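Okay, here's what each chain looks like letter by letter:
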Amino acid sequence: MVSSSIPTVDLSPFFNEEGDEHGKKEAIENITKACSEHGFFNIMNHGIPTDLMNKALQLSKTFFQYPPEEKLKLSPAPGDCQIPVGYNIQPDHSVDKNEYFLVFQPGSSMNVYPENLPELRSVIEDLYSRFLGIGSLLESIINDCLGLPQNFLKEYNNERAWDFMAAFRYFPATEKEANGITEHEDGNCITFVFQDEVGGLEVRKDGEWIPVVPVEGHIVVNVADFIQVLSNKKFKSATHRVVRTKGRSRYSYGFFYNLHWDKWVEPLPQFTTEIGEPPKYKRFLVKEYQKMRMRNKLDPPARPEDEIGITYYAIDT
Ligand SMILES: O=C(O)CCC(=O)C(=O)O
Ligand SMILES: [Fe+2]
């Protein structure tokens, strides 16, 4: 039987000042299972106020309703830099049908914000700092789920400059066409998404598409490529997509907890030499991978299957 959504994990034990070791252990077990089976789970009681998330969705609606020429003022100049910061709309020939607004950490010189909507900036900056907290918490939980030495991931992933957050708007489906984001895996460490009530996010598990049913206040978490590589595929960077709904735009936000571009990534000895398993990936530099992925987005190949993903570094075993 196909389950109707992804598992949900209660994070309240990690915020309990009295200490709730039993609750933490249970959450760690649930997350370990979710990361190996679905690669996706919802978190509740994560400490980010629902009002703030709703406010961010509301403000992004206001922004995306601006006329195209207003939004395009916040687009990166063509050829200027290959980083799609600010406002971006998928090129006409892309199979993806969405527009998005991307920022790096507050204070980054790359960021641009609409001057006539100052609240968007303050709300995004507030959310961003909260997502940094949740990112670091989930990273430490995943560190424990994988049985790595204490603080291993924290010390390895010690530079926050390449995390980013994006507001998305998916256009309503047409009679002929409903693809919002074509199936893909995320090219970072851990992704966090909150979405409005429209739905459309789907995760592939055992060949079936499972809908990620929106629940107010929940945040969707998914393991992305770098965790899959480090764990030599013990944890899964699941394939997912967004399918558009007829008659309504869908709004969501994603926060992408990443690695610094100068880091090297390869399967850790704990999941290879120490247990007699061959590595499933070659060693690679984050920068090289990110540049290829960015090219996928800015100048999409004619055939979506030609987009470069983590299998580019896979070792045939
Ligand atoms: O909008 C969403 O729900 C997910 C977006 C997504 O998969 C991505 O940006 O990588
Ligand atoms: Fe994604």
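Cut-off values and rules
- Residues numbered from 1 in each chain as written.
- Chains lettered and ligands numbered in written order.
- Predicted model: local features only at pLDDT ≥ 70, side-chain atom pairs only at ≥ 80, totals over all residues.
- Near = placed C-beta within 6 Å.
- Helix = DSSP H or I, 4+ residues; strand = E, 2+ residues; numbered from the N terminus.
- Nonpolar A, V, L, I, M, F, W, Y, C, P; charged D, E, K, R; others polar.
- Buried ≥ 20, exposed ≤ 12 C-beta atoms within 10 Å, placed from the backbone.
- Pairing = 2+ DSSP bridges.
- Axes fitted to C-alpha atoms, helices over the stretch in contact; angles between N-to-C directions.
- Contact = placed C-beta atoms within 7 Å.

Account for the site of ligand 1, naming residues and giving values.
Residues in contact with ligand 1, as listed here, are F168, I181, D186, V193, Q195, L201, H240, V242, S252 and G254. Listing elements by their share of the shell around ligand 1, those giving two or more residues are β7 (190–195), β11 (240–243) and β12 (250–257). By residue class, the composition of the shell around ligand 1 is five nonpolar, four polar and one charged.

Talk me through unusual backbone geometry; I want residue IDs and the actual numbers.
Of note, the phi angle at N151 is positive, near 65°, even though the residue is not glycine. Position of N151 among the secondary structure elements: in the loop between α4 (118–145) and α5 (152–156). The class of N151 is exposed, set by 12 C-beta atoms lying within 10 Å. Phi at N232 takes a positive value of approximately 50°, unusual for a residue other than glycine. With respect to the secondary-structure elements, N232 resides in the loop between α6 (225–230) and β11.

Would you mind going over the pairing of strand β8 (residues 201–205) in detail, with residue names and values included?
Of the pairings in the sheet, the one linking β8 to β11 comprises three bridges and is antiparallel in character. From the neighbouring strand, L201 faces β11, where its bridge partner is V242. The turn joining β8 and strand β9 (residues 208–211), which pair antiparallel and follow one another in sequence, is formed by two residues; a positive phi near 50° is taken by D206.

Lay out the sheet that holds strand β3 (residues 86–89) in plain terms, naming residues and giving numbers.
The strands making up a sheet associate through backbone hydrogen bonding, with each pair oriented either parallel or antiparallel. Taken in spatial order, the eight strands line up as β1-β2-β10-β7-β12-β5-β4-β3 in an open sheet, and their pairing is mixed. Sheet topology places β1 (8–10) and β3 at the edges, where each strand pairs with a single neighbour. Taking the axes of each pair of neighbouring strands and ignoring which way they run, one obtains an average angle of 25° across the sheet. When strand β5 (residues 164–170) meets β12, the two strands line up antiparallel, connected through seven bridges. Bridging from a neighbouring strand, F164 pairs with F256 of β12. Those strands touched by helix α2 (residues 50–64) are β4 (98–103), β5, β7 and β12, and its axis lies near 115° from that of β12.

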